[in-house]
Amino acid sequence: MINKLKEYKSLGVILLIAFLIRLIVAIPIFQDAGNMLQNDSPSYLKVADNLYQGNGYSNCPTAPYYKDVLRTPTYPMLIAGTKIFMEDIRVIFFMQLLLDLFTLIIIYRIGTRLFTRKAGLIGGLLYAISIINVVMCAEVLAETSFVFLTVLSLYLVSEKQKYLLGGLALGLAVLCKPIGLYLVFLYALYILITNKGFKAICLVFFPFMILVGGWMLRNQSITNSLTISSISSYNLFAYNANMVLSHKSGTPESILRDDRIKEVYKQTKGELGDYSGHYDYIDKFGSAGKETIIENLGLYVFLHLKNSINCLIPGVHYVLELYGKTEGKRGTMDVLRKEGLISATKAYFDNRWWSLVVMIPWIFCWATMLVTATLGGIKIMRRRKWELVVLLILPGLYFLFISGPAAEPRFGALIAPYFCLLGGYYLGGYDRVKT
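Just so it is clear, the model here is predicted, and its values are computed rather than measured.

Caption draft 1: A look at unusual backbone geometry. For the peptide bond that leads from Ala63 to Pro64, omega is 0°, which places it in the cis range. Along the polypeptide, Pro64 turns up in the loop between helix 3 (41-53) and helix 4 (74-82). Positive phi values are uncommon outside glycine, yet Asn224 reaches one of about 65°. With respect to the helices and strands, Asn224 occurs in the loop between helix 11 (198-223) and helix 12 (230-249). A relative accessible area of 68% means that Asn224 is categorised as exposed. Not every positive phi belongs to a glycine, and Asp274 is a case in point at roughly 60°. Secondary-structure assignment places Asp274 in the loop between helix 13 (253-267) and helix 14 (281-295).

Quick look at the structure:
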């Protein structure tokens, strides 16, 4: 009983640390709500606003409200739900703060059940101070909601064996960010390895297919393309294929991207954003992107893997931008891909190194998580715990490498829960390893 009380007290302290850090980082949004906005934010907010006002699922600012196929529905619906309480977008921060604290609790529960209470607490602490997850709470972006739903699905499938609910949570996660689409196959592999039976796989797939498949069929009825989101074909064209062409021609990616998109829009009636009611751009982007990648497959694979590592860059610049200490400069990602991290950092901070120095403790925390996660993963592999490989290592690697040329530091938020658990596993057993 005493040990239980100590355990819950420790968890309470970690939750308090997480709460205070997120609140402090969010101070600028209480001074100006506009600090919450990133490039993707307006499209989420407009769909949510139209839903709340009864204009349907549309990104259009005025009538006629053409149906939107750019944004998947989970996050806009969550935002629309917050409008019941307050129309000020700062209420989104409190919603995301609550979800992130629940994520931390679930990480603790998973770590405790898979390893030890100590490992669970350390995993929770690593997540509490994970810089990118902290700052994402203060941004109008889908990362925080997506992470909560994926971690919840992991807990329901692996620990509670609530396969139907796990499939439902994963389906909602994919309709939050389509990047998680193939995670369901890792769950199926885990169920096979642990001999839970074919019925369990069906129970996971059933709600998942109803949600995700239903949304894709909805999009097909609108666009004649079976797609989960128009962003998929756009990324294929504007990032994946564009990366290859930029590498071959030497033209900066941002400049080449703008020129190539303009050429496509000369041939189509519709544009990304779905303001016109025409969706022919989806097939055009998709076919042109695939053609370029197939023709340069070897080079593409190399560049894809190389650029995926950008997810591991600590996202301290998001905090600095939030506080107005630095400003994202166009072309920084081009420098990063061609000249490396040091040159990109110089270009971004433009001799204002003091602002980066202030973030050193957080960078150290992020690096600690990455190193201990690697060591924890190696430890699991050496002990041949294949069910843990499938549950923690493969999903972490999946989110690391799936983004490719579209990868940026905020995608590290998707990787963090798995790496925190691996880091907690390693650090939680360090006393035994030392002995």
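There is more to say after this.
Caption draft 2: Summary view of empty space enclosed by the protein. In the structure shown here, the tally under the stated rule is one cavity of 30 Å³ or more. Computed from the structure, the largest cavity encloses a volume of approximately 40 Å³. Along its surface, the largest cavity is lined by Leu126, Ile129, Ser130, Ile131, Cys365, Trp366 and Met369. Here the residues of the lining of the largest cavity sort into six nonpolar, one polar and no charged.

Caption draft 3: The arrangement of the side chain of Ser153 in detail. Position of Ser153 among the secondary structure elements: in helix 8 (residues 143-158). At 2.7 Å, the side chain of Ser153 forms a polar contact with the side chain of Tyr187. The contact partners of Ser153, leaving out residues within four places of it in the chain, are Gly166, Ala169, Leu170 and Tyr187.

Caption draft 4: Inspection of the side chain of Arg71 at higher detail. Within the secondary structure, Arg71 sits in the loop between helix 3 and helix 4. With relative accessibility at 10%, the residue Arg71 sits in the buried group. With sequence-adjacent residues up to four places away left out, Arg71 is seen in contact with Asp40, Ser43, Tyr44, Tyr57, Pro76 and Trp215.

Caption draft 5: Representation of the layout of surface pockets in the model. Here the second largest pocket defines a volume of roughly 200 Å³. Taken together, Leu312, Leu370, Ala373, Thr374, Gly377, Ile378, Met381, Ile393, Leu397, Leu400, Phe419 and Leu422 make up the full set of residues lining the second largest pocket. Those elements that place two or more of their residues in the lining of the second largest pocket are helix 20 (360-382), helix 21 (386-401) and helix 22 (412-428). At six residues, the largest contribution of residues to the lining of the second largest pocket is made by helix 20.

Basis of the calculations
- Residues numbered from 1 in each chain as written.
- Predicted model: local features only at pLDDT ≥ 70, side-chain atom pairs only at ≥ 80, totals over all residues.
- Heavy atoms only, no water.
- Helix = DSSP H or I, 4+ residues; strand = E, 2+ residues; numbered from the N terminus.
- Buried < 20%, exposed > 50% of the residue type's maximum accessible area, 1.4 Å probe, protein only.
- 1 Å grid on protein atoms, 1.4 Å probe; cavity = no way out; pocket = protein on both sides within 12 Å on 5 of 7 lines; lining within 4 Å.
- Points joined across faces, edges and corners; volume = space filled by probe spheres on them.
- Nonpolar A, V, L, I, M, F, W, Y, C, P; charged D, E, K, R; others polar.
- Polar contact = N/O pair within 3.5 Å; in protein donor to acceptor, adjacent residues only side chain to side chain.
- Contact = heavy atoms within 4.5 Å.

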